[in-house]
Amino acid sequence: MTTTEAAEVTPDTSAPSPAPATTPTTDHDHGVHGYHKQKDEHLKRLRRIEGQIRGLQRMVDEDTYCIDILTQVSASTKALQSFALQLLEEHLRHCVADAATKGGDEIDAKVEEATKAIARMLRT
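Residues numbered from 1 in each chain as written. Predicted model: local features only at pLDDT ≥ 70, side-chain atom pairs only at ≥ 80, totals over all residues. Heavy atoms only, no water.

J.: Got a minute to help me understand helix α2 (residues 39-61) in this structure?
T.: For an α-helix, 3.6 residues make a turn, and residues three or four places apart therefore share a direction. Between its first and last C-alpha, α2 extends 33 Å over 23 residues, near the 33 Å set by a 1.5 Å rise per residue. Residue D63 follows α2 closely and has a positive phi angle near 55°. (Helix = DSSP H or I, 4+ residues; strand = E, 2+ residues; numbered from the N terminus. Expected span 1.5 Å × (residues − 1).)

J.: Got a minute to help me understand helix α4 (residues 105-123) in this structure?
T.: For α4, with 19 residues, the first-to-last C-alpha span of 27 Å sits near the 27 Å given by 1.5 Å per residue. Within α4, burial applies to I107, K110, A114 and A117. Around the axis of α4, the buried residues are gathered within 95° of arc, so they sit on the same side. Turned more than 90 degrees off the buried face of α4, the exposed positions are D105, D108, L122 and R123. (Buried < 20%, exposed > 50% of the residue type's maximum accessible area, 1.4 Å probe, protein only. Arc of directions from axis to C-beta.)

J.: It is not clear to me how a nonpolar patch on the surface should be interpreted in this structure. Could you clarify?
T.: On the surface, a nonpolar cluster with roughly 220 Å² of combined accessible area is contributed by L43, L46 and L80. Examined against the element boundaries, L46 turns out to sit in helix α2. (Patch = residues over 30% accessible without salt bridge, like charges linked within 9 Å, V, L, I, M, F, W, Y side chains within 5 Å. Areas by Shrake-Rupley, 256 points an atom, 1.4 Å probe, with all protein chains shown as cover. Salt bridge = Lys/Arg side-chain N within 4 Å of Asp/Glu carboxyl O.)

J.: Quick question: what am I supposed to make of the pattern of salt bridges here?
T.: When charged atoms on two side chains of opposite charge get close, those side chains can pair. The final tally for this structure, using the stated rule, is five salt bridges. Its salt-bridge partner being E89, residue R93 comes within 2.9 Å of it at the nearest N-O pair. Of the two residues, R93 and E89 both sit in helix α3 (residues 66-102), four residues apart, roughly one turn of that helix. In this structure E89 comes out as partly exposed when scored by relative accessible area, which is 34%. With its nearest N and O atoms 3.1 Å apart, the salt bridge here joins K116 to E112. With K116 and E112 both in helix α4 and four residues apart, this pair spans about one turn of that helix.

Interpretation note: all reported values are geometric properties and have no functional meaning in isolation.
Structure follows, in structure tokens:
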């Protein structure tokens, strides 16, 4: 087919167009998450953790004693773990609880999702 022939071909508009794909709407599709109400506090906490990580970089750059760096690594790790636990609690209270009220397969999916998240946290 030449370019001219392709331009002359018109699509068949008499056939119905396929229906748009629909996806189930959930809170996470609309930006409403369990942590939404504490977003400012979470951001403040993450900035503090970021400062700890930058402190680690500075310590290495300044050739700080290994044990002192490891102490700071431990503090940073604990801070991230604490943040993760708070986020998990909010997920359980908001997302999993919401799915439980809706019932059906959604509760099973949310419990499985939370279980996998817990397993990932335990591996660290």
